[in-house]
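Understanding the architecture of this molecule
These are the residues of each chain, in order.
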Amino acid sequence: MTEARVYLAVALDVPLPGLFDYWHEAPVAPGVRVRVQFGRRMMVGLVWAVRAGPQVAADRVRAIEAVLDDLPPLDGDWLRLVDFAARYYHRPLGEVALPALPPSLRQPAAYTGARAAGGPVCRADRRPGTAASGQPAAVPPPTLTPGQRQALAALQALLAQGRGVALLHGVTGSGKTELYLRLARQVLAQGRQVLLLVPEINLTPQLEQVVRARLDLGPGGLAMLHSRLADGERLRAWLRVVRGQAGLLLGTRLALMTPMPRLGLIVVDEEHDPSYKQQDGLRYSARDLAVWRGHDLGIPVVLGSATPSLESWRQAQRGEYRLVSLAHRAQAQALPAIRLVDTRRAQLEQGFTPQLLQALDQRLAQGEQSLVFLNRRGYAPVLRCASCGWVSQCRQCTAHTVLHRAPGRRPVLQCHHCGDAQPVPRACPVCGDQDLQPMGRGTQRVEEFLAERYPRARIVRIDADATRRKGSAQALFAQVHDGRADILVGTQMVSKGHDFARLGLVGVLNADAMLFAQDFRAPERLFAQLMQVAGRAGRRLAGADVLVQTDYPEQSVYQALLKHDYQRFAQAALAERQALSLPPFSHQALLTAQAAHLADALGFLRAVLEEAQALPQAAGVRLYDAVPLRVVRVARVERAQLLIESDQRRALHTLLQDLLPRLDGLPAARAVRWGVEIDPQEI
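First things first, this report covers the structure right here in the doc. (Residues numbered from 1 in each chain as written. Predicted model: local features only at pLDDT ≥ 70, side-chain atom pairs only at ≥ 80, totals over all residues. Heavy atoms only, no water.)

Structurally, Arg-329 is set in the loop between β13 (322-326) and β14 (337-342). Among the polar contacts listed, one links the side chain of Arg-329 to the backbone oxygen of Thr-172, at a separation of 2.9 Å. (Helix = DSSP H or I, 4+ residues; strand = E, 2+ residues; numbered from the N terminus. Polar contact = N/O pair within 3.5 Å; in protein donor to acceptor, adjacent residues only side chain to side chain.)

Okay, here's the thing in structure tokens:
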């Protein structure tokens with residue numbers, strides 16, 4: 001008697017196109033996870049469809065090892081989101097779907113052996129943990145300004161309409177968060193869920209406290225998702241959201257891919273931030289997928305920023321997004337005065353002009369806090385021998401190593417690309433001179449100088465080095481908020497989202513580093529960064545100052561910054577982009593190749609270029625020459641890129657759909673690893 005078989009198309013997290021055939025004795029619904037044998041590996045896959053018959057010979061189709069039924073099928077809304085992301089970013093379905101799940105739900109070992117005990121979901125239900133870290137005292141809502149009331153009415157009209165995208169452009173300190181909270185309260189009252197995205201993990205604790213104090217969510221009603229959560233914490237939070245127990249999900253970009261059965265509103269705070277673009281694996285933009293998800297579900301999406309991305313700003317100018325503006329701060333204080341300090345004729349002391357040092361003296365005397373902003377961590381960008389010109393170089397990358405110093409530890413030279421670290425040599429490895437000098441400065445060196453100049457001042461440094469341990473960033477920010485710091489030294493980690501009540505001065509060092517970068521987006525990022533960090537000052541204090549040290553005060557970026565004039569900057573930048581057919585007036589894809597030798601990477605991309613040029617779809621795109629990346633070698637791997645561009649998004653994707661499946665068959669592909677990035681943010 002022939003055994004009855006139902007053939008299933010299963011998505012697996014493997015770098016191979018298409019779905020994989022398996023059989024089971026009974027139908028299995030799409031969205032159910034299964035355990036299968038793939039080659040010699042046991043894997044967790046996701047049933048995508050039931051097939052009438054196998055796509056390969058029936059005798060080659062394996063049986064499903066087990067149906068993992070500890071969860072209901074993942075809903076159709078989420079499956080559509082995964083399907084769109086896979087098609088748009090040209091990645092296999094399994095590479096999109098499985099990494100979006102908590103790690104334990106995609107590990108076969110979590111369901112086998114004596115310790116499995118019913119699977120990770122059952123174990124999580126037996127050990128629910130704490131859904132909330134204490135409920136703060138309820139805080140009454142502040143009185144809205146006339147500008148806030150007008151903006152709220154426009155956003156509520158979007159809610160009533162039930163769909164669409166609003167771009168909330170509000171100056172720093174204008175009360176955008178207050179509007180998010182009021183919209184969330186309205187949506188939650190309707191029994192719907194809210195997704196609130198922030199660009200960085202360090203912004204979640206402060207916002208969590210505000211949300212808990214303002215919204216009566218009850219036990220477990222607020223869930224947080226980000227990459228620093230332990231696997232068990234992440235699974236429990238994810239389950240509360242998927243089951244509809246949590247009404248509000250606060251998280252970073254990975255939270256966007258969470259199934260939410262009653263989703264009614266998506267808010268993307270600081271929508272311009274590059275952190276919303278994933279830089280490994282599936283290189284997706286959480287902001288862009290949020291807009292698509294809102295459109296698919298027919299729910300409103302609010303994008304908020306003081307410095308919107310030029311892509312979003314153009315959509316608003318075209319009427320695709322509803323532009324809602326907040327031109328004034330919510331508190332009585334005006335925006336801080338910005339001054340450009342010309343460093344060309346100044347006598348600098350460890351990178352500080354006399355004007356900035358005098359301003360620091362004044363704020364310390366007044367008992368106010370100051371922020372020294374330098375977007376470069378470490379002690380110095382490079383170590384140099386004055387005798388022969390030797391400079392510290394990574395052993396594995398074509399990049400300089402950065403000098404790092406820490407109390408009680410021997411100084412090291414660390415590569416910020418591959419992470420390789422080595423002790424500082426006692427003498428120059430070329431000429432033997434023992435007088436090696438640090439060149440330039442990072443946040444550690446600035447902290448050291450300020451500690452020597454102001455021995456009584458309480459100085460706090462916040463950067464990636466100072467916040468490596470879990471909870472360390474929250475503790476350092478608490479010092480600043482509680483008034484236990486006089487001078488804050490920080491990188492971009494401190495430039496957005498934080499409300500420092502006693503901050504009266506911001507000093508910016510080395511802003512010019514981004515002015516002449518090769519990436520055409522560098523001026524936009526510089527302007528946004530400076531506007532954001534300037535906005536930390538004077539939120540509760542009158543008479544705040546921002547001093548920006550520069551060799552190029554006449555540059556248009558700085559001139560627009562002087563007047564806090566985002567619209568002036570955006571208008572000029574968009575005109576320049578349009579003249580050069582750059583995004584958002586064109587659409588791009590970046591093919592990258594990695595190999596042991598640069599010649600192999602370039603050879604593969606040149607073969608790709610020839611293959612693309614031979615296709616009829618190439619008529620609607622611009623194909624550029626293959627070139628090495630700016631940092632050619634990282635971790636002993638050489639890298640090159642090929643840019644493909646088109647004025648029409650459809651033309652670009654039509655070419656890629658035909659081109660990409662051919663690439664593994666090219667003879668040159670055997671020596672390389674290659675990938676494609678859609679809408680690249682760094683070129």
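Moving on from the model shown.
This part covers the sheet that holds strand β7 (residues 164-170). Read from one edge to the other, the open sheet built from seven strands follows the order β9-β10-β8-β11-β12-β7-β13, with strand pairing classed as parallel. With one partner strand each, in any of the chains shown, β9 (222-225) and β13 form the two edges of the open sheet. Taken over all neighbouring pairs, the strand axes of this sheet differ in orientation by 20° on average, direction set aside. Of the strand pairs in this sheet, strand β8 (residues 193-197) and strand β10 (residues 248-251) are connected by four bridges, and their pairing is parallel. Following the sheet pairing, Leu-196 is matched in β10 by Leu-250. (Pairing = 2+ DSSP bridges. Axes fitted to C-alpha atoms, helices over the stretch in contact; angles between N-to-C directions.)

Moving on to the packing of aromatic side chains. Throughout the structure, instances matching the rule amount to 11 aromatic pairs. Judged by centre distance (5.1 Å) and plane angle (75°), the ring pair of Phe-20 and Phe-38 falls under edge-to-face. With Phe-20 in strand β2 (residues 20-24) and Phe-38 in strand β3 (residues 33-38), the pair connects residues that are 18 residues apart, well separated along the chain. Assessed through its relative accessible area of 16%, Phe-20 is described here as buried. With a centroid separation of 5.2 Å and 35° between ring planes, the pair formed by Phe-352 and Phe-449 is classed as tilted. Placement of the pair is Phe-352 in the loop between β14 and α10 (354-365) and Phe-449 in helix α11 (residues 443-453), with a sequence separation of 97 residues. (Phe/Tyr/Trp six-rings, centres within 6.5 Å; stacked < 30°, edge-to-face > 60°. Buried < 20%, exposed > 50% of the residue type's maximum accessible area, 1.4 Å probe, protein only.)

Taken together, six strands build an open sheet; the order of strands is β5-β2-β1-β4-β3-β6 and the sheet is mixed. Bordering the open sheet on either side are β5 (62-63) and β6 (66-68), each of which pairs with just one other strand. Relative to strand β4 (residues 41-51), β3 runs antiparallel, the two being bridged by six bridges. By the bridge assignment, Arg-35 is partnered in β4 with Val-44.

What follows is about unusual backbone geometry. Pro-584 follows Pro-583 through a cis peptide bond whose omega is 10°. Among the secondary structure elements, Pro-584 is positioned in the loop between α15 (566-579) and β25 (587-595). Located in the positive-phi region is His-90, a residue other than glycine, with phi close to 55°. Examined against the element boundaries, His-90 turns out to sit in the loop between α1 (76-88) and α2 (93-97). Of note in this structure, Gln-350 is not a glycine but carries a positive phi near 50°. Within the secondary structure layout, Gln-350 lies in the loop between β14 and α10. For Gln-350, a relative accessible area of 32% puts it in the partly exposed group.

Moving on, we come to the pattern of salt bridges. Inspection of every chain in the model, using the stated rule, returns 38 salt bridges. Put simply, Arg-80 and Asp-296 hold a salt bridge, and the shortest N to O gap is 3.0 Å. Of the two residues, Arg-80 sits in helix α1 while Asp-296 sits in helix α8 (residues 286-297), which places them 216 residues apart along the sequence. Of the residues examined, Arg-80 reaches a relative accessible area of 37% and is grouped as partly exposed. You can call Asp-296 partly exposed: its relative accessible area is 25%. Across the pair Arg-287 and Asp-288 runs a salt bridge, and its minimum N-O distance is 3.1 Å. On the basis of relative accessible area, Asp-288 is assigned to the partly exposed category, the value being 28%. Overlapping salt bridges, with partners in common, bring together Asp-342, Arg-344, Arg-345 and Glu-554 in one network. (Salt bridge = Lys/Arg side-chain N within 4 Å of Asp/Glu carboxyl O.)

Time to look at the environment of Val-241. Considering the arrangement of structural elements, one finds Val-241 in helix α7 (residues 231-242). Through-space distance from the C-alpha of Val-241 to that of Leu-263 is 9.9 Å; in sequence the pair is 22 residues apart.

For the rest of this paragraph, the subject is the packing of helix α4 (residues 146-161) against helix α5 (residues 176-189). One way to put it is that α4 packs onto α5 with a least axis distance of 10 Å and a crossing angle of 35°. In the packing of α4 onto α5, the handedness of the crossing is right-handed. Only Glu-178, Leu-179, Arg-182, Leu-183, Gln-186 and Val-187 of α5 make contact with α4, whose side of the interface consists of Gln-148, Ala-151, Leu-152, Leu-155, Gln-156 and Leu-159. Of the residues belonging to the contact of α4 with α5, the class tally is seven nonpolar, three polar and two charged. (Left-handed = near helix turned anticlockwise from the far one by under 90°. Contact = heavy atoms within 4.5 Å. Nonpolar A, V, L, I, M, F, W, Y, C, P; charged D, E, K, R; others polar.)

A few words on α4. With 16 residues, α4 extends 23 Å between its outermost C-alpha atoms, agreeing within 8% with the 22 Å of an ideal straight helix rising 1.5 Å per residue. Elements in contact with the buried residues of α4: β7, α5, β11 (263-269), β12 (300-305) and β13. One or two steps after α4, the chain reaches Gly-162, where phi turns positive at roughly 90°. (Expected span 1.5 Å × (residues − 1).)

Attention now moves to the pairing of strand β23 (residues 503-508). Counting buried residues along β23, six of its six residues qualify, which places the element largely inside the surrounding structure. Across five bridges, strand β15 (residues 369-373) lies against β23 in parallel orientation. When the bridges of β23 are listed, Leu-371 appears paired with Val-506. Summarising the sheet, β23 and strand β24 (residues 545-550) pair through four bridges and their orientation is parallel. Note on β24: the bridge partner recorded for Val-506 is Val-546.

Leu-310, Glu-311, Ser-312, Trp-313 and Ala-316 are the residues of helix α9 (residues 310-317) that are buried. Where α9 is buried, its residues contact β7, α8, β12, β13, α13 (522-534) and α15. Positive phi shows up at Gly-319, right after α9, with a value of about 85°.

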